[in-house]
Amino acid sequence: MTKIILISGVPGTGKSSVSINLKKKLKNSVVLTSESFKKAIVGYDKKRKCKIIDVKIYSNELKKFLKKYHWDYVIIESLFAGEIKNKNIVSCFILRCNEKELFKRLKKRGYSKKKINENIEAELCNYCGEEAFENQKNIIEINTTRLNPKKTALKCLKYLQKK
Ligand SMILES: Nc1ncnc2c1ncn2[C@@H]1O[C@H](COP(=O)(O)OP(=O)(O)OP(=O)(O)O)[C@@H](O)[C@H]1O
Ligand SMILES: [Mg+2]
């Protein structure tokens, strides 16, 4: 049975870099992002400059994907990962980061002040964690502030091995 690992967190917490590192440690694994299923992209948010994903359609497409391909691990990294529904989900990691460090990471990316503040606000109210608490069973919060992507991935791996 394919094991699904969810990696959520606000932009800049390190979802993509941690997922790449985790994939290296898990045999026969694949990383899916918000945009992996074109059918689930239902629009474009001009204000936030990002695509709008329908999570129900995404979950449906994921089901089809699992039937078609036989991966041991499917890592899904997305801001909305916590909202995905599937019986094969084994863990949902919420990557967290303190305000100062997140500011630095997002500034380095060239984000506007407005966008940085929006994301810091989302982090401070634990937006991704709250979403996950409503939908997932096995939630693990990881503070990435003083870690690097490789160390964070190793932490995830440790939790996965405990299961
Ligand atoms: N402990 C850490 N874990 C993950 N990333 C970290 C860590 N420390 C620093 N970073 C850095 O933070 C930056 C943001 O990481 P990344 O692009 O993976 O975030 P993201 O959550 O995927 O963002 P987005 O939602 O915009 O795609 C990268 O430059 C990454 O190297
Ligand atoms: Mg990313």
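Residues numbered from 1 in each chain as written. Chains lettered and ligands numbered in written order. Predicted model: local features only at pLDDT ≥ 70, side-chain atom pairs only at ≥ 80, totals over all residues.

Draft legend 1. Here's a closer look at the overall build of the chain. Along the chain, the regular secondary structure elements total six helices and seven strands. Listed N to C, the secondary structure of the chain is β-α-β-β-β-α-β-β-α-α-α-β-α in terms of helices and strands. Taking 15 Å as the expected radius of gyration for a compact globule of 163 residues, we find that the chain reaches 15 Å, a close match to that expectation. Taken along its principal axes, the extent of the C-alpha atoms in the chain is 45 × 35 × 25 Å. Per-residue burial for the chain yields a buried fraction of 31% across its 163 residues. (Helix = DSSP H or I, 4+ residues; strand = E, 2+ residues; numbered from the N terminus. Rg over C-alpha atoms; globule rule 2.2 N^0.38 Å. Buried ≥ 20, exposed ≤ 12 C-beta atoms within 10 Å, placed from the backbone.)

Draft legend 2. Looking closely at the sheet that holds strand β5 (residues 73–77). Strand order across the open sheet formed by five strands is β2-β5-β1-β6-β7, with parallel pairing between neighbours. Edge positions in the open sheet fall to β2 (29–32) and β7 (139–143), since each of these has one partner strand only. Neighbouring strand axes in the sheet, compared pairwise and without regard to direction, differ in orientation by 20 degrees on average. Relative to β5, β2 runs parallel, the two sharing four bridges. Along β5, the bridge assignment pairs leucine 32 with isoleucine 76. On top of the sheet, helix α1 (residues 15–25) reaches β1 (3–8), β2, β5 and β6 (89–96); it is set at about 170 degrees to β5, its chief contact. (Pairing = 2+ DSSP bridges. Axes fitted to C-alpha atoms, helices over the stretch in contact; angles between N-to-C directions. Contact = placed C-beta atoms within 7 Å.)

Draft legend 3. Spotlight on the site of ligand 1. Taken together, 16 residues lie near ligand 1, and Pro11, Gly14, Lys15, Ser16 and Thr144 sit nearest. Looking at the shell around ligand 1, the elements with two or more residues in it are α1 and α6 (149–162). By residue number, the principal contributor to the shell around ligand 1 is α1, which donates four residues. Residue composition of the shell around ligand 1, by class: five nonpolar, nine polar and two charged. (Near = placed C-beta within 6 Å. Nonpolar A, V, L, I, M, F, W, Y, C, P; charged D, E, K, R; others polar.)

Draft legend 4. Spatial organisation of unusual backbone geometry. Of note in this structure, asparagine 28 is not a glycine but carries a positive phi near 50 degrees. Mapped onto the elements of the fold, asparagine 28 is located in the loop between α1 and β2. Given 9 C-beta atoms within a 10 Å radius, asparagine 28 is considered exposed. With a phi angle near 55 degrees, lysine 49 is a residue other than glycine that sits in the positive phi range.

Draft legend 5. A look at the pairing of β6. With five bridges joining them, β1 and β6 adopt parallel strand pairing. Paired with isoleucine 5 across the strands is serine 91, a residue of β6. Direction of pairing for β6 relative to β7: parallel, over a ladder of five bridges. Paired with phenylalanine 93 across the two strands is isoleucine 140, which belongs to β7.

Draft legend 6. Local environment of the packing of helix α3 (residues 99–108) against helix α4 (residues 113–124). As a packed pair, α3 and α4 sit with axes 10 Å apart at the nearest point and diverge in direction by 145 degrees. In this structure, the crossing between α3 and α4 has a hand that is right-handed. Facing Glu99, Leu102, Phe103, Leu106 and Lys107 of α3, the residues of α4 in contact are Ile116, Asn119, Ile120, Glu123 and Leu124. Each residue belonging to the contact of α3 with α4 can be placed in one class, and the counts come to six nonpolar, one polar and three charged. (Left-handed = near helix turned anticlockwise from the far one by under 90°.)

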